[in-house]
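Okay, here's what each chain looks like letter by letter:
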Amino acid sequence: MTAATLLAETCVPRFARGTRLQYDRVREQWFVQAPERAFLADAVAAEILQLVNGKRSLAKIIDQLAEKFSTPRDVIAQDVLSMTQELADKQVLLLA
């Protein structure tokens, strides 16, 4: 079983307390600011994380990205679910 199969698309991700997505204008780079640590967000992660608001389900995030990039939904779903699980494991995202 892969990490992506552990999540349901009905999950609603939100950032953990004290954690947020931030854009560094000087470096022109998105990063996740967390207590005592920071993670650079690649282009794919930044697109996904910009849609995390604590109200939008993973299914809605996947649908929006599939439409925005005209990419097959299953390809987007695999990326979104995998990254979300990874960030949940690092306690950057919380899932409801």
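Asks: Can you help me understand the overall build of the protein chain in this one?
Replies: The helix and strand tally for the protein chain stands at three helices and five strands. The globule rule puts the C-alpha radius of gyration for 96 residues at 12 Å, and the 13 Å found for the protein chain is close to it. Overall size of the protein chain, expressed as C-alpha extent along the three principal axes, is 35 × 25 × 25 Å. By residue count, 39% of the 96 residues in the protein chain fall in the buried class.

Asks: Hey, could you run me through the pairing of strand E3 (residues 29-34) in this one?
Replies: It is a general feature of regular strands that their side chains alternate between the two faces of the sheet. Examined bridge by bridge, strand E2 (residues 20-24) and E3 share five bridges and lie antiparallel to one another. Bridged to Asp24 within E3 is Gln29. The loop that links E2 with its antiparallel partner E3 comprises four residues; one of these, Glu28, has a positive phi angle of about 55 degrees. Across four bridges, E3 lies against strand E4 (residues 37-40) in antiparallel orientation. Looking across to E4, one finds that Phe31 is bridged to Leu40. Hairpin connection from E3 to E4: two residues lie between these consecutive antiparallel strands, with Glu36 at a positive phi of about 65 degrees.

The rules behind the values
- One numbering rule holds for all chains: residues counted from 1, following each sequence as written.
- Totals for whole chains, interfaces and linings use every residue, but because this is a predicted model, local features are given only for residues with pLDDT of at least 70 and side-chain atom pairs only at 80 or more, for both listing and counting.
- Heavy atoms throughout the structure, all of them, feed into the side-chain values; hydrogens and water do not.
- A helix here means a DSSP run of H or I that spans at least four residues, while a strand means a run of E at least two residues long, and both kinds are numbered starting from the N terminus.
- The reference for a compact globule is 2.2 Å times residues^0.38; the radius of gyration itself is calculated from the C-alpha atoms.
- Relative accessibility decides the category of a residue: with a 1.4 Å probe and only protein chains considered, values under 20% of the type maximum give buried, values over 50% give exposed, and everything between is partly exposed.
- The criterion for strand pairing is that DSSP finds at least two bridges linking the strands in question.

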